[in-house]
Amino acid sequence: MTKPIHAVLIGAGNRGAENYAPYALQHPEELKFVAVAEPLEERRKSFAEQHQIPVEMQFESWEPLLEKPALGEVALICTQDWQHTAPAAAAMRAGYHILLEKPMANKLEECKLLLQVSQETERQMRICHVLRYTPHFKKMRELLQSGVLGQIVDVDHRENVSFWHMAHSFVRGNWRNREESSPMILAKCCHDLDILPWLLGQKPVRLASSGSLMHFKEENAPAGAPPRCLDGCPVAETCPYYAPHIYLEMAPFWNSIADTSKGFTRWAAHQYTENPEMMKALSLVLPALRQMTDYSGWPLTILTHHPNRESITEALQTGPYGRCVYHCDNDVVDHQVVMMEFEDHASVTLTMHGHSHYEHRSTRIEGSHGRLMAEFGNGGSWITVDEHRTDWHQEFDTSAELGSGHGGGDFRLVENFLASIRAGTFEESLQGAREALESHLLAFAAEESRLRGVFIERTWWA
Ligand SMILES: NC(=O)c1ccc[n+]([C@@H]2O[C@H](COP(=O)([O-])OP(=O)(O)OC[C@H]3O[C@@H](n4cnc5c(N)ncnc54)[C@H](O)[C@@H]3O)[C@@H](O)[C@H]2O)c1
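Attention here is on the structure that accompanies the text. (Residues numbered from 1 in each chain as written. Predicted model: local features only at pLDDT ≥ 70, side-chain atom pairs only at ≥ 80, totals over all residues. Heavy atoms only, no water.)

All right, on to the sheet that holds strand β5 (residues 97-100) then. Read across the open sheet, the six strands follow the order β3-β2-β1-β4-β5-β6; overall the sheet is parallel. The open sheet has two free edges, formed respectively by β3 (58-59) and β6 (125-127), since each of these has just one partner strand. Both β5 and β6 contribute to a ladder of three bridges, which runs parallel. Bridge pairing links Ile 98 to Met 125 in β6. (Pairing = 2+ DSSP bridges. Helix = DSSP H or I, 4+ residues; strand = E, 2+ residues; numbered from the N terminus.)

What follows is the structure, encoded as structure tokens:
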């Protein structure tokens, strides 16, 4: 029997406690958390209880934990974007291999510094580019590498952030301010800027970008809209961003699942948005429905540690998520396009916007011998390939099990990281870290181009 790898968690928030750490509960033979650092008492205690961490191994911040001789082999760094560099560097220097949330850091020089620390300390640094581990993008890569499309000429890849996710994270929430958190192209699209070169097996040589914040501004506020949705908003019945509609009814969330899933899930998610009471009654005899009717995960856990009608309402009355989207202190873009030329001269565009009806990424790749189209959504994913000469059409269902974070990418990333720690393959991990850094440098280059209105050549970032 293998001995579990011992881990410490820095930041027991949504990503750390809710998305990665449950892997240890499902696979106790592989991973065991032995310490946690988290300032919020409720989160710290609840994590410690779930993972049976003794009180002397519970810390209010990462510094005292990382001052100790290493307590395990790996550290998961899951703090906010602007709080990555110091604990990540300290953890590697203390002897831990790290699983570091993306973005590596929100400043270009700090991203470079972290790679340097990984090299110096010979500690593995895995960035949480979860898309690489999904069945969807793995299949897409396999198809591209099989040569079925011939020479790749044009790629149109879109990160369609849904209107409600945009409002939640990038208008009301943690990633609303460029300086405090990250430029949105870094926060949201370092994944896409990682996956595109990985899929195509080649790098961009130049890029240009444009975009702005168009909609979520004071000047677009409906007449008479108060600072908070619950303060008698005159457009409560019609505004898509009305906070109780998003967080109490959760209709947009379930619509996003319905719009990208099939069969029973599609039917159930649609029904649930239209007739929640009937579905709650049905869940008494159909336990599968309870995944939906008893749902209390993200984004609700960002508002309150124990989501229920009362605690959510209170959060909407007092916290940031009840604010009118037109009266927030946001400045990140709500749409941006990055146009890239790759080594083989293929033209590749990445479009990111925050006004999608439902949450998904979509990809269209045109080659000399065929076309690939794909959609990666919260409820399911698919890829199709059409060959020019034969008109042969193939379809692939690349959906992961429902509820598995990022189309199955979250758990598969942890699994892969642990395997790499056991194998001790530092050189391979260093190559991965270099590629992760490159995706971040591309995002910084895109932001530079957007702000200055110029093409940026590879020499700027390479
Ligand atoms: N890989 C992905 O696809 C993906 C998806 C979403 C978010 N993220 C990234 O994950 C990171 C975490 O996001 P989140 O949504 O979990 O945020 P979160 O706010 O829910 O969690 C961060 C936690 O860090 C804690 N913290 C703050 N100061 C600390 C300190 N000094 N020591 C220890 N802990 C401290 C906070 O109290 C909080 O609980 C962000 O960088 C975010 O951009 C990645």
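Turning next to the pattern of salt bridges. Counted under the stated rule, the structure contains 21 salt bridges. For Glu 435, the salt bridge is made with Arg 132, and the minimal N-O distance between the two is 2.8 Å. Linking Glu 435 in helix α19 (residues 426-452) with Arg 132 in the loop between β6 and α7 (135-145), this pair joins segments that are 303 residues apart in sequence. Of the charged contacts in the structure, one is a salt bridge between Glu 179 and Arg 178, with a shortest N-O distance of 3.7 Å. Accessibility expressed as a relative area gives 53% for Glu 179, which makes it exposed. By relative accessible area, Arg 178 is classed as partly exposed at 24%. Beyond isolated ion pairs, a larger network of salt bridges with shared partners links Glu 159, Lys 188, Asp 192 and Arg 361. (Salt bridge = Lys/Arg side-chain N within 4 Å of Asp/Glu carboxyl O. Buried < 20%, exposed > 50% of the residue type's maximum accessible area, 1.4 Å probe, protein only.)

Quick look at the environment of His 335 now. Structurally, His 335 is set in strand β9 (residues 335-342). Look at His 335 and you get partly exposed, because its relative accessible area is 26%. Residues His 335 and His 215, spaced 120 residues apart in sequence, show a C-alpha to C-alpha distance of 9.5 Å. Look past the residues within four positions of His 335 in its chain and what remains in contact with it is Ser 210, Gly 211, Ser 212, Met 214, Met 352 and His 353. At 2.9 Å, the side chain of His 335 forms a polar contact with the side chain of Ser 212. (Contact = heavy atoms within 4.5 Å. Polar contact = N/O pair within 3.5 Å; in protein donor to acceptor, adjacent residues only side chain to side chain.)

On to the packing of helix α10 (residues 190-200) against α19. Where α10 contacts α19, the two axes come as close as 8 Å, and the packing angle between them is 120°. Here α10 lies oblique to α19, going by the angle between them. Of the two possible hands of crossing, α10 and α19 adopt the one that is right-handed. Only Glu 435, Ala 436, Ser 439, His 440, Leu 442 and Ala 443 of α19 make contact with α10, whose side of the interface consists of Cys 190, Leu 193, Asp 194 and Pro 197. Of the residues belonging to the contact of α10 with α19, the class tally is six nonpolar, two polar and two charged. (Axes fitted to C-alpha atoms, helices over the stretch in contact; angles between N-to-C directions. Parallel < 35°, antiparallel > 145°, perpendicular 65-115°, else oblique. Left-handed = near helix turned anticlockwise from the far one by under 90°. Nonpolar A, V, L, I, M, F, W, Y, C, P; charged D, E, K, R; others polar.)

A few words now on the side chain of His 191. Within the element layout of this structure, His 191 appears in helix α10. What His 191 contacts, discounting residues up to four positions off in sequence, is Lys 102, Cys 128, His 129, Val 130, Leu 131 and Arg 361.

A word on helix α5 (residues 85-93). The set of residues buried in α5 consists of Thr 85, Pro 87, Ala 88, Ala 89, Ala 91 and Met 92. Lining the buried residues of α5 we find β1 (5-10), α4 (62-67), β4 (74-77), β5, α6 (108-121) and β6. Gly 95 lies just past α5 and shows a positive phi near 110°.

Moving on: the site of the ligand. Taken together, the neighbourhood of the ligand is formed by 27 residues, with Arg 15, Glu 38, Arg 43, Ser 61 and Asp 81 sitting nearest. Contact distances for the ligand include 3.3 Å between an oxygen atom and a backbone N or O atom of Thr 79. In this structure, an oxygen atom belonging to the ligand sits 3.2 Å away from a side-chain N or O atom of His 406. Burial of the ligand by the protein amounts to 88% of the accessible area it has alone, namely 860 Å². Residues that form the shell around the ligand fall into these classes: 11 nonpolar, 10 polar and six charged. (Near = heavy atom within 4 Å. Areas by Shrake-Rupley, 256 points an atom, 1.4 Å probe, with all protein chains shown as cover.)

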